[in-house]
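Structural features, examined
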Amino acid sequence: MNEAQKGLLSLLESTFNPRGEIHFLAIAKKQIQVHEKERPVHQVRVALTFQEGATVNPYYDGTDLFVTISEDSIQFTLEEEWAESPPTIEGSPIEFALSWVSQLTKPFYVSAEALAAAKANNYPRYGNSPQVNSYQEESQR
């Protein structure tokens with residue numbers, strides 16, 4: 001995970017998970033807009049669920065949000081398009097979370113739970129080979 005991805009994960013954690021009840025399943029980021037005088041806009045696809053102790057809810061919600069990333073900051077942008085809207089995906093089984101996030105681009109963060117659910121349901125990108133599973137969350141490598 002590079003520094004921008006770590007910073008984005010930190011922003012998501014501090015914004016959406018201040019009490020530790022949220023569990024991020026998978027996160028992907030794709031640059032979608034570039035202007036010469038403005039910072040690029042990135043679409044961020046997030047699949048998350050609730051967690052109680054070591055138990056992760058078997059259903060997830062997912063949404064797309066937008067950020068700008070510079071060398072020294074990451075900020076939410078275009079909030080009117082996503083902040084007040086319901087999630088794009090609500091109450092879907094977690095075995096579909098990785099597939100949905102991957103539709104945007106290759107995820108930079110995948111939790112062990114999302115990976116296990118994808119493997120159990122024969123998601124084609126995830127086999128038993130570590131090379132195939134190259135974008136698992138770093139602690140699982």
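Nothing here was measured: the structure is a model prediction, and the numbers come from that model.

Calculation notes
Residues numbered from 1 in each chain as written. Predicted model: local features only at pLDDT ≥ 70, side-chain atom pairs only at ≥ 80, totals over all residues. Heavy atoms only, no water. Helix = DSSP H or I, 4+ residues; strand = E, 2+ residues; numbered from the N terminus. Buried < 20%, exposed > 50% of the residue type's maximum accessible area, 1.4 Å probe, protein only. Contact = heavy atoms within 4.5 Å. Areas by Shrake-Rupley, 256 points an atom, 1.4 Å probe, with all protein chains shown as cover. Pairing = 2+ DSSP bridges. Expected span 1.5 Å × (residues − 1). Arc of directions from axis to C-beta. pLDDT = per-residue confidence, 0-100. Phe/Tyr/Trp six-rings, centres within 6.5 Å; stacked < 30°, edge-to-face > 60°. Lys NZ or Arg CZ within 6 Å of the ring centre and 35° of its normal.

1. Remarks on the overall build of the chain
Within the chain one finds three helices and seven strands. Along the chain, from the amino end to the carboxyl end, the secondary structure elements read α-β-β-β-β-β-β-α-β-α. In the chain, buried positions account for 40% of the 141 residues. By sequence separation, contacts in the chain at least 24 residues apart represent 56% of the contacts at least 6 residues apart. Of the roughly 8,100 Å² of accessible surface on the chain, 46% is carried by carbon and sulfur atoms.

2. Considering the pairing of strand S4 (residues 59-69)
Across the eleven residues of S4, eight count as buried, placing the element largely inside the fold. Alignment of strand S2 (residues 41-52) against S4, held across eight bridges, turns out to be antiparallel. Among the inter-strand pairings, arginine 45 is bridged to a residue of S4, identified as aspartate 64. In terms of strand pairing, S4 meets strand S6 (residues 89-93) through three bridges, oriented antiparallel. Looking at the pairing, tyrosine 60 lines up with serine 92 of S6. When S4 meets strand S5 (residues 74-77), the two strands line up antiparallel, connected through four bridges. Bridged to valine 67 within S5 is phenylalanine 76. Where S4 folds back onto S5 in an antiparallel hairpin, the turn is made up of four residues.

3. Considerations on the environment of valine 41
Following the sequence through the fold, valine 41 ends up in strand S2. Each C-alpha atom, one on valine 41 and one on lysine 30, is 8.6 Å from the other, the two residues being eleven residues apart in sequence. In contact with valine 41, not counting residues within four places along its chain, are Lys30, Gln31, Ile32, Gln33, Phe66, Val67, Thr68, Thr77 and Leu78.

4. Points about helix H1 (residues 3-16)
Taking 1.5 Å per residue, 14 residues should reach 20 Å; H1 reaches 20 Å between its end C-alpha atoms and fits that length. Listed as buried for H1 are Gln5, Leu8, Leu9, Leu11 and Leu12. Angular distribution of buried residues about the axis of H1 spans 160°; they occupy a single face of the element. For H1, the exposed residues set more than 90 degrees away from the buried face come down to Glu3 and Ser14.

5. A short note on the confidence of the model for the chain
Model confidence for the chain is summarised by a mean pLDDT of 84, while 84% of its residues fall at 70 or above. Predicted confidence for residues 126-141 stays below pLDDT 50, and this span has 35 contacts to residues more than four positions away or in other chains.

6. Things to note about the packing of aromatic side chains
Overall, the coordinates contain three aromatic pairs when judged by the stated rule. Consider the rings of phenylalanine 16 and phenylalanine 76, whose centres lie 6.1 Å apart with planes at 70°: the pair is edge-to-face. Taken together, the residues span a long stretch of sequence, with phenylalanine 16 in helix H1 and phenylalanine 76 in strand S5 at a distance of 60 residues. Geometrically, the ring pair formed by phenylalanine 76 and tryptophan 82 is tilted, given 5.3 Å between the ring centres and 55° between the ring planes. The exposure class of tryptophan 82 is buried, given its relative accessible area of 11%. Directly above the aromatic system of tryptophan 100 lies the positively charged group of arginine 45, at a separation of 4.4 Å from the ring centroid.

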